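Results of the structural survey
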Amino acid sequence: MLHPFASKAEAKRGASAFAQQLSRYIGTGSFEGPGQGQAVAGAPFRPSGYGSTIDGINWEASSVTHDIIPDDGWTMSVEVETQETAEG
C-alpha cells in the first residue's frame, strides 16, 4: 500500500481490499540460476524441469536480484508467487 488515503474510512476500505488480495496468494517459491535480462519483478516466470506440479503454474516474479560473481558470471535469484494451483 504505497499511496495515502484521503480519509480514515477510505484507508480501512483500502486495507481490507489489500488484505483480501494478499489472502488469495496460495503459492510462493524461489529459484536461482543464470542471469536473464528480462527477469524483473512483476514479470511472468515459467520454470521448467520441476514437474507439472511446479511447471504448470503461472508464477509471477515478486522480486529479482541480479548478481555478478567473479569466475561464475551473472546469476539471479527470483522470488515468485501465484494465485492458482497447477490444476487451475
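Above: the structure in question.
Residues numbered from 1 in each chain as written. Predicted model: local features only at pLDDT ≥ 70, side-chain atom pairs only at ≥ 80, totals over all residues. Heavy atoms only, no water.

**A closer look at the packing of aromatic side chains**
For the structure on display, the rule yields two aromatic pairs. With centroids separated by 5.1 Å and ring planes inclined at 35°, the aromatic side chains of F31 and F45 adopt a geometry described as tilted. Here F45 lies in strand β2 (residues 44-45) and F31 lies in strand β1 (residues 27-34), a separation of 14 residues in the sequence. Under the relative-accessibility criterion, F45 is labelled buried at 15%. For the ring pair F31 and Y50, a centre distance of 5.3 Å and an interplane angle of 70° mean the geometry is edge-to-face. Separated by 19 residues along the polypeptide, F31 in strand β1 and Y50 in the loop between β2 and α2 (52-55) bring together distant segments of the chain. For F31, a relative accessible area of 12% puts it in the buried group. (Phe/Tyr/Trp six-rings, centres within 6.5 Å; stacked < 30°, edge-to-face > 60°. Helix = DSSP H or I, 4+ residues; strand = E, 2+ residues; numbered from the N terminus. Buried < 20%, exposed > 50% of the residue type's maximum accessible area, 1.4 Å probe, protein only.)

**A closer look at the side chain of D55**
Note on placement: D55 falls in helix α2. At 7.8 Å, R46 is the nearest oppositely charged side chain to D55, a buried residue that forms no salt bridge. Among the polar contacts made by the side chain of D55, one reaches the main-chain amide nitrogen of G49 at a distance of 2.9 Å. Within polar-contact distance, the side chain of D55 engages the backbone nitrogen of Y50 at 3.2 Å. Setting aside residues up to four positions removed in sequence, D55 forms contacts with R46, P47, S48, G49 and Y50. (Lys, Arg positive; Asp, Glu negative; His and termini not counted. Salt bridge = Lys/Arg side-chain N within 4 Å of Asp/Glu carboxyl O. Polar contact = N/O pair within 3.5 Å; in protein donor to acceptor, adjacent residues only side chain to side chain. Contact = heavy atoms within 4.5 Å.)

**Quick notes on the sheet that holds strand β4 (residues 73-82)**
Pairing is antiparallel in the open sheet, where four strands are placed in the order β1-β4-β3-β2. The open sheet terminates on both sides in strands that have one partner only, identified here as β1 and β2. Examined bridge by bridge, β1 and β4 share eight bridges and lie antiparallel to one another. Across the sheet, G27 pairs through a bridge with T82, a residue of β4. (Pairing = 2+ DSSP bridges.)

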